[in-house]
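# Descriptive analysis of the structure
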Amino acid sequence: MPGLFVTGTDTDCGKTAVSQGLIAALAAREQRVLGMKPVASGCVETADGLRNDDAERLAAAGWCEQPYARINPYAFAPAIAPHVAAAEAGVEIALAPIHDAYRALSDEADWVVVEGAGGWRVPLGDRLSMRDLPRALDLPVVLVVGVKLGCINHALLTQDSIRASGCPLVGWVANQVDPTMPASAANLDTLTRAIAAPRLGVIPWLDQLTPATVAAHLDPTPLL
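No experiment lies behind these values; they were computed from the predicted model shown. (Residues numbered from 1 in each chain as written. Predicted model: local features only at pLDDT ≥ 70, side-chain atom pairs only at ≥ 80, totals over all residues. Heavy atoms only, no water.)

## Considering the pattern of salt bridges
A complete count under the given rule lists nine salt bridges for this structure. Across the pair R29 and D219 runs a salt bridge whose closest N-O atoms are separated by 3.8 Å. Here the residue R29 occupies a position in the loop between α1 (15-27) and β2 (33-36), and D219 occupies one in the segment after α9 (211-215), the gap between them amounting to 190 residues. On the basis of relative accessible area, R29 is assigned to the partly exposed category, the value being 35%. (Salt bridge = Lys/Arg side-chain N within 4 Å of Asp/Glu carboxyl O. Helix = DSSP H or I, 4+ residues; strand = E, 2+ residues; numbered from the N terminus. Buried < 20%, exposed > 50% of the residue type's maximum accessible area, 1.4 Å probe, protein only.)

As structure tokens, then:
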């Protein structure tokens, strides 16, 4: 298993924080790990070009420095759906540049943790969506569930879609995004029974989301 594709139940469910945590948890087991964010919108213009905060956080968590274009091959300024941002920029998102960047990263690491954008079915173009990336890269999937009202439905629909796409779901992580959610423990029990994959961790509401603080709540053993 040379890499993982991290998807989530929706936007802002904590994919980047969990991806950073997985990088740190695997690194603690003497693995050389790099992060990747193939497609990102909401980038800012810098002297070096467009940069995305999530991609830069993944880059910082990796074991060695890599060219930004490898970590984030497709970067768009507007904070809107990637396929809309690409259309506005006159760009067609294609699998080949993503595949080439992933292979370059994997040549220099034991693991590459690839973070998707938005959820599993986010469009990337007329004939391409986020679910096509792990299939093209031959990656198993880890699902991040943002624990809040409605998360059970979102998680089970996403699980079904992942399996229908032919991708192996090798683990999931619960991320407490709503600290005031009623009956969160009961919801977590339901998710644990209903998701047919190992639970890799439960991330509580944390004041500081760093790779180390998230990794402290993760157990990547089922992935090794």
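## Some remarks on unusual backbone geometry
Of note, the phi angle at D12 is positive, near 65°, even though the residue is not glycine. Considering the arrangement of structural elements, one finds D12 in the loop between β1 (3-8) and α1. The backbone of D138 shows a phi angle near 55°, a positive value even though the residue is not glycine. By the secondary structure assignment, D138 is in the loop between α6 (132-137) and β8 (141-147).

## As for the UniProt feature "active site" (unreviewed entry) in the chain
Mapped onto the present numbering, the UniProt feature "active site" (unreviewed entry) falls at K37. Along the chain, the position of K37 falls in the loop between β2 and β3 (39-40). Discounting residues that sit within four places of it in the chain, K37 has contacts with N52, D54, A55, L58, I71, N72, P73, E115, G116 and A117. (UniProt positions renumbered as here; feature names shortened; annotations may be inferred. Contact = heavy atoms within 4.5 Å.)

## Examining the nonpolar core
Judged by nonpolar contacts, the single largest core of 41 residues is most densely connected at M36, I93, I98, V145, W172 and I195. What W172 contacts, discounting residues up to four positions off in sequence, is V142, L143, V145, L188, L191, T192, I195, A197, P198, R199, L200 and G201. One finds L4, I23, L26 and V214 within the second-largest nonpolar core, a separate group that totals 21 residues. (Core = buried A, V, L, I, M, F, W, Y, C linked by side-chain atoms within 4.5 Å.)

## Concerning the packing of helix α7 (residues 151-164) against helix α8 (residues 184-194)
Between α7 and α8, the shortest axis-to-axis distance is 10 Å and the interhelical angle comes to 15°. The orientation of α7 with respect to α8, classified from their angle, is roughly parallel. Note on packing geometry: the crossing formed by α7 with α8 is right-handed. Here C151, I152, A155, L156 and Q159 of α7 come into contact with α8, specifically with N187, T190, L191 and A194. Here the residues of the contact of α7 with α8 sort into six nonpolar, three polar and no charged. (Axes fitted to C-alpha atoms, helices over the stretch in contact; angles between N-to-C directions. Parallel < 35°, antiparallel > 145°, perpendicular 65-115°, else oblique. Left-handed = near helix turned anticlockwise from the far one by under 90°. Nonpolar A, V, L, I, M, F, W, Y, C, P; charged D, E, K, R; others polar.)

## Describing the sheet that holds strand β10 (residues 199-203)
Two strands in a sheet stick together by hydrogen bonds in their backbones, pointing the same way (parallel) or opposite ways (antiparallel). With parallel pairing, the six strands of this open sheet are ordered in space as β2-β7-β1-β8-β9-β10. What marks the edges here is a single partner per strand, and that holds for β2 and β10. Neighbour-to-neighbour, the strand axes of this sheet turn through a mean angle of 20°, independent of strand direction. Pairing analysis gives four bridges linking strand β9 (residues 169-176) to β10, with the strands arranged parallel. Directly across from V173, in β10, lies its bridge partner G201. The strands that helix α5 (residues 95-106) touches are β1, β2 and β7 (111-115); relative to β2, the one it contacts most, it runs at about 165°. In this fold α7 packs onto β1, β8 and β9, with an angle of close to 165° to the strand it touches most, β8. (Pairing = 2+ DSSP bridges.)

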